[in-house]
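Remarks on the overall topology
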Amino acid sequence: MSENESPVFCNYDQSDYQEAFWGEGKRAYEDACEVMALERLMPKTGKLLLEIGAGAGRNTLRYPGYEKIVLMDYALTQMQQAQARLGTSDRFVYVAADVFHLPFADALFDGATMIRVLHHLSEIEPAFEEIQRVMQTRSTFILEYANKRNLKAILRYLTGKQKWNPFSQERVEFVELNFNNHPDIVEKGLQQNNFKVEKVLSVSNLRIGSLKKKENLNWMLKLESLLQTAAAPLKISPSVFMRCQQTFDKPNALQHEFFRCPNCQSYEIVEEDVRIHCHACGRDYPIVDGIYDFRLK
Ligand SMILES: C[S@@+](CC[C@H](N)C(=O)[O-])C[C@H]1O[C@@H](n2cnc3c(N)ncnc32)[C@H](O)[C@@H]1O
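Predicted model, so just to flag it, every value in this text is computed and none were measured.

1. As for the overall build of the chain
- Broken down by element type, the chain carries seven helices and 13 strands.
- Scaling as 2.2 N^0.38, a compact globule of 297 residues should have a C-alpha radius of gyration of about 19 Å, and the chain matches this with 19 Å.
- Expressed as a percentage of the 297 residues in the chain, the buried residues total 39%.
- Once local pairs closer than 6 in sequence are excluded, the contacts in the chain between residues at least 24 apart make up 69%.

Next comes the structure, spelled out in structure tokens:
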């Protein structure tokens, strides 16, 4: 896909998202729900995981079974925050890049996650196609999406407080570059790109402002634990987590392959001191304080 025909997305550069959204326990309930969901879905062991739209690395330590994790986000400042939080070690690789132009070899990863990112993409299919490309056969993809057909939206629609129909399949853009997706559309997109859905969880079921108090957290999480599986078939929670298997048959990346030029797709790409240089198209990608910057714009 060329730069010009690329879908658009929400850029978090310079954002204080981690502190502003998650700070001071403001969303302790949602955060704990996600811990629970990841524990239920993540493979116990793995070699190389790609965390897409990793932000400031809020979830990274929740993938303990993976030997190595590549944190990837379009926002360089999010990668800097993640690096400040997790430090520099052989276990973590930090990459600024765009999910529609991943700078990685085909069939490189045996796992990938994408949490709270899909709702920022103007198109979902090209992202699934690119993720499928970098994933090995039978590898695991954990996806979270914001569900358009959630209970609150259904009730608001039925009582005339909301105009858009939560049952119709088109996406709803409730704020610029913030889209809620219908479950059928997400599943169709996955299926068309060779992802088989293995397990679905209904997440953040009790996301109700008046309930979310510190003293309620315990019982809310007990109930959430039951609802994540029991309510999963309904798919009416605000957030849905899925475990998918990449089923397209292909050989794994060779041992020496890792990066691929996101501009010309060449593997003739060489790491030098402060840059990665592509010998095929001549493009240089800076390495800024240990963060690979593969952004094309
Ligand atoms: C709501 S934050 C979620 C961060 C993290 N996954 C979490 O749950 O804490 C969304 C992140 O997705 C990143 N993002 C949005 N569109 C992207 C794209 N096309 N490619 C890579 N990252 C993207 C943003 O920069 C932002 O850091």
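Back to the write-up after that little detour.
2. Details of the site of the ligand
- Contacts to the ligand come from 21 residues, most closely from Phe9, Tyr12, Gly53, Gly55 and Arg58.
- Class assignment of the residues belonging to the shell around the ligand gives a composition of eleven nonpolar, six polar and four charged.

3. Some points on the packing of helix H2 (residues 28-41) against helix H7 (residues 217-230)
- Contact geometry for H2 and H7: axes closest at 10 Å, N-to-C directions at 40°. Here H2 is positioned oblique relative to H7, judged by the angle of their axes. Considering the relative orientation of H2 and H7, their crossing is right-handed. Each of Ala28, Tyr29, Ala32, Cys33, Met36 and Ala37 in H2 lies in contact with H7, whose residues at this interface are Leu217, Met220, Leu221, Glu224, Ser225 and Gln228.
- Split by residue class, the contact of H2 with H7 holds nine nonpolar, two polar and one charged.

4. Things to note about the environment of Arg85
- With respect to the helices and strands, the residue Arg85 is situated in helix H3 (residues 76-86).
- Given 13 C-beta atoms within a 10 Å radius, Arg85 is considered partly exposed.
- With 29 residues separating them in the primary sequence, Arg85 and Ala56 have C-alpha atoms 7.6 Å apart.
- Setting aside anything within four residues of it in sequence, one finds Arg85 in contact with Ala56 and Gly57.

5. Brief notes about the nonpolar core
- With 69 residues, the main nonpolar core has Leu71, Val95, Ala96 and Ala112 as its most contacted residues.
- The element contributing the most residues to this core is strand S5 (residues 135-146), with six residues.
- Not counting residues within four places of it along the chain, the set of residues in contact with Leu71 comprises Glu51, Ala54, Gly57, Thr60, Met79, Ala82, Phe92, Tyr94 and Val95.

6. Structural notes on H7
- Counted at 1.5 Å a residue, the expected span for H7 with its 14 residues is 20 Å, and the 20 Å between its end C-alpha atoms agrees.
- Taken as a whole, H7 has its buried residues at Met220, Glu224 and Gln228.
- On its buried face, H7 is in contact with H2 and strand S8 (195-203).

7. Section: the sheet that holds strand S10 (residues 269-271)
- As summarised here, the arrangement of the eleven strands in space is S8-S9-S5-S4-S1-S2-S3-S13-S12-S11-S10, forming an open sheet in which the pairing is mixed. Each end of this open sheet is capped by a strand with a single partner; those strands are S8 and S10. This sheet shows a mean twist of 20° between the axes of neighbouring strands, independent of strand direction.
- Summarising the sheet, strand S11 (residues 275-278) and strand S12 (residues 284-288) pair through three bridges and their orientation is antiparallel.

8. Some points on the environment of Lys148
- Tracing the backbone shows Lys148 in the loop between S5 and helix H5 (151-158).
- For Lys148, a count of 27 C-beta atoms within 10 Å corresponds to the buried category.
- Through-space distance from the C-alpha of Lys148 to that of Arg171 is 7.4 Å; in sequence the pair is 23 residues apart.

Rules of the game
- Residues numbered from 1 in each chain as written.
- Predicted model: local features only at pLDDT ≥ 70, side-chain atom pairs only at ≥ 80, totals over all residues.
- Helix = DSSP H or I, 4+ residues; strand = E, 2+ residues; numbered from the N terminus.
- Rg over C-alpha atoms; globule rule 2.2 N^0.38 Å.
- Buried ≥ 20, exposed ≤ 12 C-beta atoms within 10 Å, placed from the backbone.
- Contact = placed C-beta atoms within 7 Å.
- Near = placed C-beta within 6 Å.
- Nonpolar A, V, L, I, M, F, W, Y, C, P; charged D, E, K, R; others polar.
- Axes fitted to C-alpha atoms, helices over the stretch in contact; angles between N-to-C directions.
- Parallel < 35°, antiparallel > 145°, perpendicular 65-115°, else oblique.
- Left-handed = near helix turned anticlockwise from the far one by under 90°.
- Core = buried A, V, L, I, M, F, W, Y, C linked by C-beta atoms within 7 Å.
- Expected span 1.5 Å × (residues − 1).
- Pairing = 2+ DSSP bridges.

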